[in-house]
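Below are the chains, spelled out letter by letter.
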There are 2 protein chains.
Amino acid sequence: MAIRAFGAELPTWVDDEVAAARAGLGSDEGRMRLLNRLAERNIAEGSGGPFSALAVRSGSGEVVAAGVNLVLASGLSSMHAEVVTISLAQARLGTWDLGALDDPLELWVNWRPCAMCYGATLWSGVRGLVVAGDGPELEALTGFDEGPMRGDWAQQLEARGVRVRVGVLTDEAVAVFERYGADPDVTVYNARTSSGV
Amino acid sequence: MAIRAFGAELPTWVDDEVAAARAGLGSDEGRMRLLNRLAERNIAEGSGGPFSALAVRSGSGEVVAAGVNLVLASGLSSMHAEVVTISLAQARLGTWDLGALDDPLELWVNWRPCAMCYGATLWSGVRGLVVAGDGPELEALTGFDEGPMRGDWAQQLEARGVRVRVGVLTDEAVAVFERYGADPDVTVYNARTSSGV
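The shown structure was predicted, so the numbers you read here are calculated from the model rather than taken from an experiment.

A. How the structure looks around the relation of the copies chain A and chain B. Aligned on chain B, chain A shows an RMSD of 0.0 Å; the corresponding rotation is 180° and the shift along the axis is 0.0 Å. Here the transformation between the copies is reduced to the relation of a two-fold axis. A share of 100% of the interface residues of chain A reappears at the interface of chain B, consistent with the copies meeting face to face through the same patch.

Listed below in C-alpha cells is the structure:
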C-alpha cells in the first residue's frame, strides 16, 4: 500500500525556546533574537537548515506559530521554515487566509525567503513580512541556492497588500549563517545548483 | 495544547483515476489527459483548484506519485498539486532529492507552476518539468493570481539541470480552466491580488 499522507511535526524544543523568549517578544529585536536562536538550535538538532519563522498578529503581537526548517527531519524538500510556520498558523486558526482576520498575521523570518517561500508568503495571506536582511550573505555563507528572485520582489508583495520591512538585527542573522557555513557536519540540501544564468 | 503537526492526505479517488488511466500513461498525451481529468475531478470534489501533477521516472515512465491541489481539503495554502505530488514522491522514495536516483524523476503539471511551486520544483531535485502550457490563459480564465514570475523562468530551471518542455494537449488544459472560470460555485482562494505592478 503506497504512502498517501505526508506532513511534518514541530520539534518540542521549539516550544521551549519560544517559552524562554516570551518576555522579549513584544519588541522587534526580541522576535529576531528568538529567530536567530531557533535557527542556531536547528543546526545543532540536525532538523534542517539555519532558518526560522514566526507568524505574529500584527496588532496584539501574539505569536500564533513559530517554525524552523524541517527538510532533513521530515525528508520533504518543501518543509522550509516559512511553509512550516504558515501551515501551523493555518491549522491552529482554521483558515487558509492569514490576512482575513480581525487581527491579521505578519511573517517574521531570519532572512529574505527563497523563491518557493516568496510565493508561499503570497498564498498565505499574511499582511506583512519582516526579515533580518535580504542581501547575498545567506547564499554566500551557507551554500544554499535560494533560487531565482525578481529584483522587484518587495514591490510585488506591497502591490498585493503585504507590507515589507528589511533589516532587524541583520548582523546577528549573518553570524548564524557564518557559523553554519563553517560547520563541516552540516548538510546543504540543494538538489541542483545553477551553472550560472 | 496547540496543534504541532500538519499535513495532507491524498483523496482515494485520485488512485482510482490513475488506475483507470494506467494503460495510456506511457504516452505524453495519456499523462496529460490524466492530469486534465484529475484537475476536472478536483473541482467536482471541492478539494481545491483545478490543478494536478505527476511525478514520473524519466526512464521507465513509472508514475511514482499523482497529486491534486488540496488547499480547500487541507486548509493549508501551500498544498498545491506540485507540493502534494513532490511530497508524496519523497515520502514514498525516502529522499528529499528526487533527482539523486538511478532513474531520476520529472514533474508533469497541467500548467506552468505558480511562483511558489516554481521554487518547490527547484528544491525537489526533479530533472524535468513538462507542462501543458505556460501562457496567461490560466490566470485570465480562473482568476487565480499565480504570483510574480521571471521572464527567464525556464532558462533558470535549465541552468539547474531541470529540462523544461512546454505544450502537451494545451487546448484540453485550457478547456478545464474555462469550465472552472464559468462555475459560480468554485472558491478562488487568492489571499490578496495585485493592485497592478
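B. How the structure looks around the interface of chain A and chain B. Between chain A and chain B, the contact holds 65 residues from the first and 65 residues from the second. Note on chain A versus chain B: buried area summed over both sides is about 5500 Å², and carbon and sulfur give 60% of it. Interface area lost by chain A to chain B is led by A:Arg4, A:Phe6 and A:Trp123, which between them contribute 19%. Inspection of the chain A/chain B interface yields 6 salt bridges. Put simply, B:Arg4 and A:Asp15 hold a salt bridge, and the shortest N to O gap is 2.7 Å. For the interface between chain A and chain B, the tally reads 14 residue pairs in polar contact (both at pLDDT 80 or more). Contributing elements (two or more residues each) for the side of chain A that touches chain B: β1 (5-9), α1 (12-21), α3 (71-74), α4 (81-93), α5 (115-124) and α7 (153-158) of chain A.

C. Fine view of the sheet that holds strand β6 (residues 163-166) of chain A. Residues and elements named next belong to chain A. Across the sheet, 5 strands lie side by side as β3-β2-β4-β5-β6; this open sheet has mixed pairing. Both outer strands of the open sheet, β3 (63-68) and β6, are each paired with one neighbouring strand and no more. Direction aside, neighbouring strands of the sheet carry axes that sit 15° apart on average. Sheet analysis places strand β2 (residues 52-57) next to β3, joined by 5 bridges and oriented antiparallel. Paired with Ser-52 across the two strands is Val-68, which belongs to β3. Together, β2, β3, β4 (105-109), β5 (128-131) and β6 form the strand contacts of helix α2 (residues 28-45), whose direction differs from that of β2 by roughly 145°.

D. Highlighting a negative patch on the surface. A cluster of acidic residues, B:Asp134, B:Glu137, B:Asp171 and B:Glu172, forms a negative patch on the protein surface. You can see B:Asp171 is positioned in helix α8 (residues 170-181).

E. Highlighting α2(A). All names here are of chain A. For α2, built from 18 residues, the straight-helix expectation of 26 Å at 1.5 Å per residue is met to within 8% by its first-to-last C-alpha distance of 26 Å. Within α2, the full set of buried residues consists of Gly-30, Arg-31, Met-32, Leu-34, Leu-35, Asn-36, Leu-38, Ala-39, Asn-42 and Ile-43. Residues of α2 that are buried make contact with α1, β2, β3, β4, β5 and α8 (170-181). Just beyond α2, the residue with positive phi is Gly-46, at close to 75°.

F. Representation of the pattern of salt bridges. Residue and element names in this part refer to chain A. Enumeration according to the criterion identifies 24 salt bridges over all chains in this entry. Its salt-bridge partner being Glu-106, residue Arg-163 comes within 3.5 Å of it at the nearest N-O pair. Here the residue Arg-163 occupies a position in strand β6, and Glu-106 occupies one in strand β4, the gap between them amounting to 57 residues. What makes Glu-106 buried here is its relative accessible area of 9%. Here the residues in one salt-bridge network are Glu-17, Arg-37, Arg-41 and Glu-45, joined through shared partners.

Rules used in this analysis
Sequence positions are assigned chain by chain, starting from 1 and proceeding in written order. Labels follow written order: the first chain is A, the first ligand is 1, and so on. The predicted origin of the model limits local features to residues at a pLDDT of at least 70 and limits the giving and counting of side-chain atom pairs to 80 or more, whereas totals for whole chains, interfaces and linings rest on all residues. Computation of side-chain values: all heavy atoms of the structure, hydrogens and water removed. Least-squares superposition aligns the copies on the C-alpha atoms of those residues with pLDDT at or above 70 in both. Here, residues are in contact when the closest pair of their heavy atoms is within 4.5 Å. Note on definitions: buried area is the accessible-area loss of two parts on being combined, 1.4 Å probe, summed for both. The working definition used for a salt bridge is a side-chain nitrogen of Lys or Arg within 4 Å of a carboxyl oxygen of Asp or Glu. Pairing of N or O atoms within 3.5 Å defines a polar contact, subject to two protein rules: one partner must be a possible hydrogen donor and the other a possible acceptor, and residues neighboring in sequence count only if both atoms are side-chain atoms. Put simply, DSSP marks the helices as runs of H or I at least four residues long and the strands as runs of E at least two long, and each gets a number from the N terminus on. Here, a strand pair is defined by DSSP locating no fewer than two bridges between the strands. Here the axes come from fitting lines to C-alpha atoms, over the contacting stretch only for helices, and the angles between their N-to-C directions go from 0 to 180 degrees. By definition, no residue in a patch forms a salt bridge, and every one has over 30% relative accessible area; like charges are joined within 9 Å, nonpolar side chains (Val, Leu, Ile, Met, Phe, Trp, Tyr) within 5 Å. Each accessible area is a Shrake-Rupley result for a 1.4 Å probe, and residues are judged covered by the shown protein chains and nothing else. Working convention for charge: Lys and Arg count positive, Asp and Glu count negative, and His plus the chain ends are omitted. By convention, the charge on Lys lies at NZ, on Arg at CZ, on Asp at CG and on Glu at CD. To estimate the expected span of a helix, count its residues, drop one, and scale the result by 1.5 Å. Only protein chains enter the area calculation, which uses a 1.4 Å probe; residues under 20% of their type maximum are buried, those over 50% are exposed, and those in between are partly exposed.

Function cannot be inferred from these measures alone, as they are strictly geometric.
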